[in-house]
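Coordinate inspection notes
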Amino acid sequence: MIRFDSVSKSYPGTTRPALNSVDLEILKGEFVFLVGASGSGKSSFLRLILKEENPSKGSIHVLGQHLNTLTNRKVPYFRRNLGVVFQDFRLLPNKTVFDNVAFTLQVIGKSRGFIQEAVPDALKMVGLAGKSNRFPHELSGGEQQRVAIARAVVNKPVIMLADEPTGNLDPATAAGIMTLLERINLGGTTVLMATHDAGIVDQMQRRVIELIGGQIVRDERQGGYQTQTVPTQGRVPHPAASQPSSSQATQAPPQRPSVQSSSKGEGLDA
Amino acid sequence: MRLGLILGEAGSGLRRNLSMVVSVVLVTFISLTFVGASILLQMQIGQMKGYWYDRAQVAVYMCTDIDTTGNCTLAEATEDQIAAVNQQLESPTLAPYINEVQFETHEQAYENFKEQFADTTFEGIITPESLNESFRVNLVDPEQADVLIESLSGLAGVESVEDQRAYLEPIFAILNAASYTAIGVAGLMLIAAVLLIATTIRLSAFSRRRELGIMRLVGASNRFIQTPFILEGVFASLIGSVLAGGAIVAIVQFFVRGYLATTLPVNTSLLGMDEALLVVPILIAVGAGLAAISAGVAISRYLKV
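Parameters and conventions
- One numbering rule holds for all chains: residues counted from 1, following each sequence as written.
- Chains and ligands are labelled sequentially in the order written, the chains with letters from A and the ligands with numbers from 1.
- The predicted origin of the model limits local features to residues at a pLDDT of at least 70 and limits the giving and counting of side-chain atom pairs to 80 or more, whereas totals for whole chains, interfaces and linings rest on all residues.
- Boundary definitions for the domains trace back to an automatic or database domain assignment.
- Residues are treated as contacting if the C-beta atoms built from their backbones sit within 7 Å of each other.
- The helix and strand labels rest on DSSP assignments: H or I over at least four residues marks a helix, E over at least two residues marks a strand, and numbering proceeds from the N terminus.
- Side-chain classes are defined by residue name, with Ala, Val, Leu, Ile, Met, Phe, Trp, Tyr, Cys and Pro counting as nonpolar, Asp, Glu, Lys and Arg as charged, and the others, Gly among them, as polar.
- To get an axis, fit a line to the C-alpha atoms, keeping to the stretch in contact for a helix; angles then go from 0 to 180 degrees between the N-to-C directions.
- Reported orientations rely on four angle classes, namely roughly parallel under 35 degrees, roughly antiparallel over 145, roughly perpendicular from 65 to 115, and oblique for the rest.
- Working rule for handedness: look at the near helix, and if it is turned counterclockwise from the far one by less than a right angle, call the crossing left-handed; if clockwise, right-handed.
- For two strands to pair, DSSP has to find at least two bridges joining them.
- Counting other C-beta atoms within 10 Å of its own, a residue is labelled buried from 20 upward, exposed at 12 or fewer, and partly exposed in the gap between, with every C-beta atom placed from the backbone.

1. What to know about the domain arrangement of chain A
The accessible area lost on association of the parts is a frequent measure of interface size. Residue and element names in this part refer to chain A. Here the domain parsing of chain A yields domain 1 (2-81 + 157-269) and domain 2 (88-156). Contact with domain 1, which involves 11 residues of that partner, is made by 12 residues of domain 2. Of all the elements, helix H6 (residues 171-186) adds the most residues to the side of domain 1 that touches domain 2, at five residues. Partitioning the side of domain 1 that touches domain 2 into residue classes produces seven nonpolar, three polar and one charged.

2. Structural notes on the packing of helix H1 (residues 2-16) of chain B against helix H8 (residues 222-263) of chain B
All names here are of chain B. It is the contact of H1 with H8, at a shortest axis distance of 8 Å, that shows an interaxial angle of 55 degrees. Considering their axes alone, H1 and H8 lie oblique with respect to each other. Judged by the twist between their axes, the crossing of H1 over H8 is right-handed. Contact with H1, carried on its side by Ile6, Glu9, Ala10, Gly13 and Leu14, involves Thr227, Pro228, Phe229, Leu231, Glu232 and Phe235 of H8 and no other residues of that element. Of the residues contributing to the contact of H1 with H8, the split by class is seven nonpolar, two polar and two charged.

3. What about the sheet that holds strand S7 (residues 159-163) of chain A?
Residues and elements named next belong to chain A. Read across the sheet, six strands follow the order S6-S7-S8-S3-S9-S10 without closing on themselves; strand pairing throughout is mixed. Looking along the sheet, the strands with just one partner apiece sit at the ends: strand S6 (82-86) and strand S10 (215-220). Neighbour to neighbour, the strand axes of the sheet diverge by 15 degrees on average, direction disregarded. Bridge analysis of strand S3 (residues 31-35) against strand S8 (residues 190-194) gives four bridges, and the strand direction is parallel. Bridge pairing in S8 links phenylalanine 33 to methionine 193.

4. Observations concerning the pairing of S6 of chain A
Residue and element names in this part refer to chain A. Counting buried residues in S6 gives five out of five residues, a clear majority hidden from the surface. Residues of S6 alternate between two faces, with Leu82, Val84 and Phe86 on one and Gly83 and Val85 on the opposite face, all of them buried. Two strands pair when backbone bridges link them, and S6 and S7 are joined in this way by five bridges, in the parallel orientation. Bridge assignment links leucine 82 to a residue of S7, and that residue is isoleucine 159.

5. Notes on the domain arrangement of chain B
By the assigned domains, chain B splits into domain 1 (2-53 + 168-303) and domain 2 (57-163). For domain 1 of chain B versus domain 2 of chain B, the separation of C-alpha centres amounts to 52 Å.

6. Some thoughts on unusual backbone geometry
The bulk of non-glycine residues show a negative phi, and the bulk of peptide bonds are trans. Residues and elements named next belong to chain A. Phi is positive for serine 6, which is not a glycine, with a value near 35 degrees. Relative to the assigned elements, serine 6 resides in strand S1 (residues 2-9). The phi dihedral of arginine 90 falls on the positive side, at around 55 degrees, and the residue is not glycine.

In structure tokens form, the structure reads like this:
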């Protein structure tokens, strides 16, 4: 479903790579948490999957497509299989809830009839059936994120990428969002979620991939936000990283990576 | 559905950017009017050349007894000399270039002179004898007047050989200069128009960058994303082109046909509505094409994956 083969990503102007020789495979139907400090490469990782960036080295396969060789013209069609949710929701303020979700389908050329069917379904799924005529500013943060999720899933994506979807929400609301993501995952969608929320990761007990300074230091089947165990999967790029003490390092990494990779998906509205 | 959406997007872009759109309309209007005017001028020059060059002759003036220039020595050209020139004109070397030869006697020259200067008094000053006898030669190809000038200038009794086209050259030079000036102004204005369209489209894209971000994220095709912007640019410049076309038609109708045609001599050949209607589609195509290209280039920055 998603495979990284020794993928490195460097941004111009820095010697330190945002991702350094990452090997990884994510299977269909998995629910994966991507954890790590700001600047550890989580966002770069998600952007590489979306082909918003190209890797500097290595190859990426997503949904059977070799992303390195995917032409610009085909990228939009590839992205129709992916749903994306952000920390800052990214709703269109001048459109109603219904129109925000419908916009996704309109711009990829779906028929009016299909939109009339699919949008209410998606809104019902996220629990906003009665609020389709509201505007985003009339909704709470949690509700706005639900709209964003409805927008991401309305086209029935195979993979869902979530970049800190609960980052702006209070714990109770965040739990609601997580329930929703879990339900989407149960429907067969692979969910890849970058997060800083230790409580959620610990509680869900799903696969956890931890990045430090652009390297995978941990890949556990049913992990928590922090762990004392030795990594069960993946390469160990840095001997020190496998030591128990290194998991504390997630709180305060010895070397802060450069700022380039720390902001979340900023390229999207460039 | 899709077409409606694209048109709707283009329409909302036009409304949002109204002042920029108006400036695009005006700049394309002015620039294309200059383009049209220069095309019309070139057409007029071509038409006048065609008209006048057909009528322009090479004149071989024979000596009179008051001429000292050329091969003249204050002696009237003799019958023999005239016959020699005539023979030369009919010789195999010159005959292929010549369409028709007429001989103008003193009396005919005097009649023509009287007709041309009917409103001045010249009796007593000008006599038929003081006007040159001449051969009026119509060439097959007016460009080849030099051949005649070369072979006849040296003959005895020939005062001068003149290509009448030379009289027209200054007029065409002026018209040409005017036409090139119009082209130059048009070129500069078109550059301004292209840059303005690009800026307008960038501005429009910037004001819709959230939508563009979402579109790219959810996989709207590049064509879907760029078409509304290109339509926006094309539509604005199309209005300008149509206005320019209207201006060109109006210039021909009211200035050329209405004013020039009544003030200039009757036999001046002037452009008509046919030529004007030929220029209008050129203007519209140029306007729309340039707008599409510049808008496409401007929006391509937003399509980079």
